Structures are given as C-alpha cells and as structure tokens.
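Structural features, examined
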Amino acid sequence: MTSASGSDADGERRIVSDAAGIVVLGACAAWSLITAAVHDGRPEGVLLAVLAVAAGYAAGRIGGALLPVGAPFAGALAGIALTVAVPHLAPGPQIAAPLGHAGATAAVLTLSAGAACCAAWAAPVPAVRLALRLLAAGTAVLAGLLGSTSGLVTCIAVLVCSLAAGRTRHRGAATAVLAALAALVTGLIWAVAARAAPGGFVAALEGRLTPHRVQLWHDAWRLLGDDTALGAGPGRFGELSATSAQSLLSDGKPHSAPLQQAAEQGIVGVALLAAAFGWVLYALWRGPRPTPVALTAGAALTALAAIAAIGNALSFTAVSVGAGLLAGMATARPLADEPAGRTPDTRTRDAGRTAAR
C-alpha cells in the first residue's frame, strides 16, 4: 500500500493534468471561433475534432479504469475492423472520394498497434501478452497488405518502442525524446514549405508524396505570411490555394496538420496544436499507469503526429476519436491494482514514496 501522502500527490497531479487538458482543448475551440469570426471562416471541422478528442479521452479513461486489458484490446480490434470494413480508408485509388485516405489508414492501424501493445503490458498472463503482441505485429502485416508503407513503418516502430519501454527506467527522458522527434518531423515539413530545405531532400519527398502535396505546403506557408497572427480563417484554405483550386479531386486541405493550422489559424493556432500534443505527453508522463504502458501510448501518438505532419489523417473523425481513446486508456487509474513485478517500472518521481506501516 502507498502512503496517504503519495496518494494525495497522485491526485494532485491528475487534477493538474486534467485541468490543463480542459484549458488547452477549450482554447483550441475558442480560437477557431475567433479566427472564423474575423475572416468569415468555417470552424465546424475544428470544433468536431476537439469534441472527438475530448469524447474519446473521456471514454478511454472510463474503459481503462474498468478494463485495463479488455478496453485497449477492444480498441485495437475496432481499429483493424474499421480499416478493413470501410473502403474509403484503404490507400488505393478512390475515384469518387478525395485524396488523403492513405494517411487515415496508417493512423488507425498505428493507434491499433499501440492499443494492442498497451493491453499486452497490462495483461498478467504471459501467453496473453504474447498473443496481444502478435496482434500488434498483425496490424503491421495488414498495413503492408493494404499497400500502406507508412502504416507498416509506424506499426513496426510502435511495437519496437513498446518492447524497449519495458527496459526504460526514466519515463521523463523518454517522453522528452518523443516530443523532440515530433518537433523534428514538423520542423522538416516547415523547412520544405518555406523553401529552406536542401534540394535533394525536397526531391526525395516529392518522389514519395508527389509535387502536388509539396505545392500545397508552399501555399500554406504563403497564407501564413499574409496574416501571421490570425491566418486565413478555418476552412478557407481550399478557396485561397491556387494549387488546391487546380486539382479535380481536391479536398481543400494542405495535407499537413501543422501547416493547416498555420494557414487557417495563424501562429497562435500552431502553438495551440503543439500545446495539445504537449498536454497528452504530460498526462502520460504524470499518469498512474506503469511506464511501459505510458511510453507505448506516447510512441503511438508520436507516430500519429508524424503521419499528421505529412498527411491528412486528423481530418478523419475516427482518427481523432482513436487518439483520444488511446490517451485516455493509458492515463486511467484501474479500479483494481495492476499486477506488480512484471516490468522494471522505476519512475524516478515515485522514488520518494514510502510504504504505509
């Protein structure tokens, strides 16, 4: 049993984390309304995304508290089933649908792999843990079969990071590395958009993502320059981007979450998006779950951030809900004590706790 002071400290940390989440998500919604009012934009997409993340997070907290193994397992199966059952999530050519579904496929499968690995770390039976890790590996195989190279890479990365998390002794340092990786990917995309990246890197990126997408990023950077503080207004990129207007299958988005925030909501919108990601990592760092569970979820969400930086994944409600679910399940406090002694969960911040005598 932990001491009363330790329980109080945990409770205070959770209150701070939850309050920070409310403030950040509320600010995201409020800023979209402000910029929409100034530029006659359409904030419905941003508001829906905020609502989807909040609802998913709340549901994940409840499910993770009641069923620390069953809830993430069910979430992994739901993600796999959604990818297989919904044709528009498949990365193949979609004649009647806008582009961007390949990113959604990669994102959903990455979140599914993360959920399966979280369930594996929470499972007390070794055979069950092995089966859940095989399920995570199966999502990578499914991504390869569907032709989603990015999904294959990110699913494997999540599985490898999850296995490595079992030997990680400093949760804070690992969380900082995840944040740095997300910042690095975003910085590279911004450099390409600003025409500040080396030509060889841009050429390689165009070969993988098409010159059309890189041109969309250039348009987003131009719109940010037109109004750095407020942007062009939510939902207005499609009508102001020359590249988007010339495309027959344009969905009116720059296919990069940070650049879309920059173009439509200015530098403040970018800061709020970064704050939302930072809040999730903070909640995982200070959460009550074992270190491997928290870092596995963090790795999956960092992979999602990388996918969203180069694609349109966050425009799909299923992805926003899935991200909230995974974060909620990985920060929930199970009603029953989790089995101890399976992993070297040695968080330095818990070193000061003493046993009640």
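Look up a bit, the structure's there.
Let us look at the structure shown here. None of these values were measured; they are calculated from a predicted model. Counting from 1, residues in each chain are numbered in the order their sequence is written. Two thresholds apply to this predicted model, a pLDDT of at least 70 for residue-level local features and 80 or more for giving and counting side-chain atom pairs, whereas whole-chain, interface and lining totals are computed over all residues. Values reported for side chains reflect all heavy atoms of the structure, with hydrogen atoms and water molecules removed beforehand.

**Regarding empty space enclosed by the protein**
- Any residue with an atom within 4 Å of a point lines the site, the site being either a cavity, points on a 1 Å grid over the protein atoms alone where a 1.4 Å probe fits but cannot get out, or a pocket, an open set with protein on both sides within 12 Å along at least 5 of 7 lines. Grid points are joined across faces, edges and corners, and a volume is the space filled by probe spheres set on the points. Applying the stated criterion across every chain yields a total of two cavities of 30 Å³ or more.
- For the lining of the largest cavity, the secondary structure elements donating two or more residues are α1 (4–39), α2 (44–66) and α12 (257–286).
- The element contributing the most residues to the lining of the largest cavity is α1, with three residues.
- Classes in brief: Ala, Val, Leu, Ile, Met, Phe, Trp, Tyr, Cys and Pro nonpolar; Asp, Glu, Lys and Arg charged; the others, Gly included, polar. Within the lining of the largest cavity, the residues separate by chemical class into three nonpolar, three polar and four charged.
- Considering only enclosed or pocket space, the second largest cavity measures out at about 40 Å³ in volume.
- As for the second largest cavity, its lining consists of Pro68, Pro72, Cys118, Arg289, Val293, Leu326, Met329 and Ala330. Comment: elements are numbered from the N terminus, with helices defined as DSSP H or I runs of at least four residues and strands as E runs of at least two.

**Digging into a nonpolar patch on the surface**
- Within this analysis, patches are made of residues with over 30% relative accessible area and no salt bridge. Like charges are joined at 9 Å or less; nonpolar side chains (Val, Leu, Ile, Met, Phe, Trp, Tyr) at 5 Å or less. Computed by Shrake-Rupley with a 1.4 Å probe, the accessible areas treat only the displayed protein chains as cover when residues are assessed. Salt bridge criterion: a side-chain nitrogen from Lys or Arg within 4 Å of a carboxyl oxygen from Asp or Glu. A surface patch of nonpolar side chains, about 420 Å² in accessible area, is lined by Val177, Leu181, Leu184, Leu188 and Phe201.
- The element that contributes the greatest number of residues to the nonpolar patch is helix α7 (residues 171–193), accounting for four residues.
- Checked against the element boundaries, leucine 188 lands in helix α7.

**Comments concerning the side chain of threonine 83**
- Residue placement: threonine 83 occurs in helix α3 (residues 70–85).
- When accessible area is computed with a 1.4 Å probe and restricted to protein chains, residues below 20% of their type maximum are described as buried, those above 50% as exposed, and intermediate ones as partly exposed. Residue threonine 83 is classed as buried on the basis of its relative accessible area of 3%.
- What qualifies as a polar contact is a pair of N or O atoms within 3.5 Å, subject to a donor-acceptor requirement within protein and to the restriction that residues adjacent in sequence count only when both atoms come from side chains. Among the polar contacts listed, one links the side chain of threonine 83 to the backbone oxygen of glycine 79, at a separation of 2.9 Å.

**Observations regarding helix α6 (residues 149–165)**
- If you check α6, its first and last C-alpha atoms are 24 Å apart, about what 17 residues at 1.5 Å a residue would give, namely 24 Å.
- Looking at α6, one finds that the buried residues are Gly151, Thr154, Cys155, Val158, Leu159, Ser162 and Ala165. Looking straight down α6, one finds its buried side chains confined to an arc of 135°; they lie on one side. Opposite the packed face of α6, turned more than 90 degrees from it, sit the exposed residues Val153 and Val160. The span expected for a helix works out to 1.5 Å for each residue beyond the first. Directions are taken from the helix axis to each C-beta atom, and the arc is the one they span.

**Quick notes on the nonpolar core**
- Within the largest apolar cluster, 50 residues are counted, with the highest numbers of intra-cluster contacts made by Leu284, Leu301, Leu304, Val319 and Leu326.
- Ranked by residue count, the leading element in this core is helix α4 (residues 101–122), at twelve residues.
- Leave out the neighbours within four places in its chain, and leucine 304 touches Ala107, Leu111, Val319 and Ala323.
- Listed in part, the 20 residues of the second largest apolar core include Trp190, Val192, Trp217 and Val270. The term nonpolar core refers to a set of buried residues drawn from Ala, Val, Leu, Ile, Met, Phe, Trp, Tyr and Cys, joined through side-chain atoms within 4.5 Å. In what follows, a contact means two residues having at least one pair of non-hydrogen atoms within 4.5 Å.

**A look at the pattern of salt bridges**
- The final tally for this structure, using the stated rule, is four salt bridges.
- Note that aspartate 18 and arginine 61 form a salt bridge whose closest N and O atoms lie 2.9 Å from each other. Here arginine 61 lies in helix α2 and aspartate 18 lies in helix α1, a separation of 43 residues in the sequence.
- The exposure class of arginine 61 is buried, given its relative accessible area of 18%.
- Across the pair arginine 222 and aspartate 226 runs a salt bridge, and its minimum N-O distance is 3.6 Å. Placement of the pair is arginine 222 and aspartate 226 together in helix α9 (residues 211–226), with a separation of four residues, close to one helical turn.
- A residue is classified by how much of its surface remains accessible, and arginine 222, at 38% relative accessible area, is partly exposed.
- Overlapping salt bridges bring together Arg42, Arg236 and Glu239 as one network.

**Section: unusual backbone geometry**
- In this structure, arginine 195 is a non-glycine residue whose phi angle is positive, near 60°.
- Owing to a relative accessible area of 61%, arginine 195 belongs among the exposed residues under this scheme.

**A closer look at the packing of aromatic side chains**
- Stacked, tilted and edge-to-face are the three classes assigned to paired rings of Phe, Tyr and Trp, where Trp is represented by its six-membered ring and a pair needs centres within 6.5 Å; plane angles under 30 degrees give stacked, over 60 edge-to-face, the rest tilted. Taken as a whole and assessed by the stated rule, the structure comprises three aromatic pairs.
- Where tyrosine 282 meets tryptophan 285, the ring centres are 5.9 Å apart and the plane angle is 75°; that geometry is what we call edge-to-face. Here tryptophan 285 and tyrosine 282 lie together in helix α12, a separation of three residues that amounts to about one turn.
- On the basis of relative accessible area, tyrosine 282 is assigned to the partly exposed category, the value being 27%.
- The rule for a charge over a ring is simple: NZ of Lys or CZ of Arg within 6 Å of the ring centre, and within 35 degrees of the ring normal. Above the plane of the ring of tryptophan 121 lies arginine 133, whose end atom (NZ or CZ) is 4.5 Å from the centre.
- The side chain of arginine 286 reaches across the aromatic face of tryptophan 285, ending 4.7 Å from its centre.

**Some words on the environment of valine 321**
- On the secondary structure map, valine 321 appears in helix α14 (residues 317–331).
- As a C-alpha pair, valine 321 and valine 53 span 268 residues in sequence and 5.1 Å in three-dimensional space.
- Beyond its immediate stretch of four places on either side in the chain, valine 321 contacts Ala52 and Gly56.

**Some words on the packing of helix α5 (residues 126–145) against α6**
- Geometry is summarised by axes, namely lines fitted to C-alpha atoms with helices restricted to the contacting stretch, and by angles between N-to-C directions that run from 0 to 180 degrees. Interaxial distance between α5 and α6 falls to 7 Å at its minimum, and their mutual angle equals 160°. Classified by the angle between their axes, α5 and α6 sit roughly antiparallel to one another. In terms of crossing hand, the pair formed by α5 and α6 is left-handed. On the side of α5, the interface is formed by Arg133, Ala136, Ala137, Thr139, Ala140, Ala143 and Gly144, while α6 contributes Gly151, Leu152, Cys155, Ile156, Leu159 and Leu163.
- Partitioned by chemical class, the residues of the contact of α5 with α6 number nine nonpolar, three polar and one charged. Oblique is the label for any angle not covered by the other classes, which are roughly parallel (under 35 degrees), roughly antiparallel (over 145) and roughly perpendicular (65 to 115). When the near helix sits turned anticlockwise from the far one by under a right angle, the crossing is termed left-handed; a clockwise turn instead gives a right-handed crossing.

Everything listed here is a matter of geometry and, on its own, says nothing about what the molecule does.
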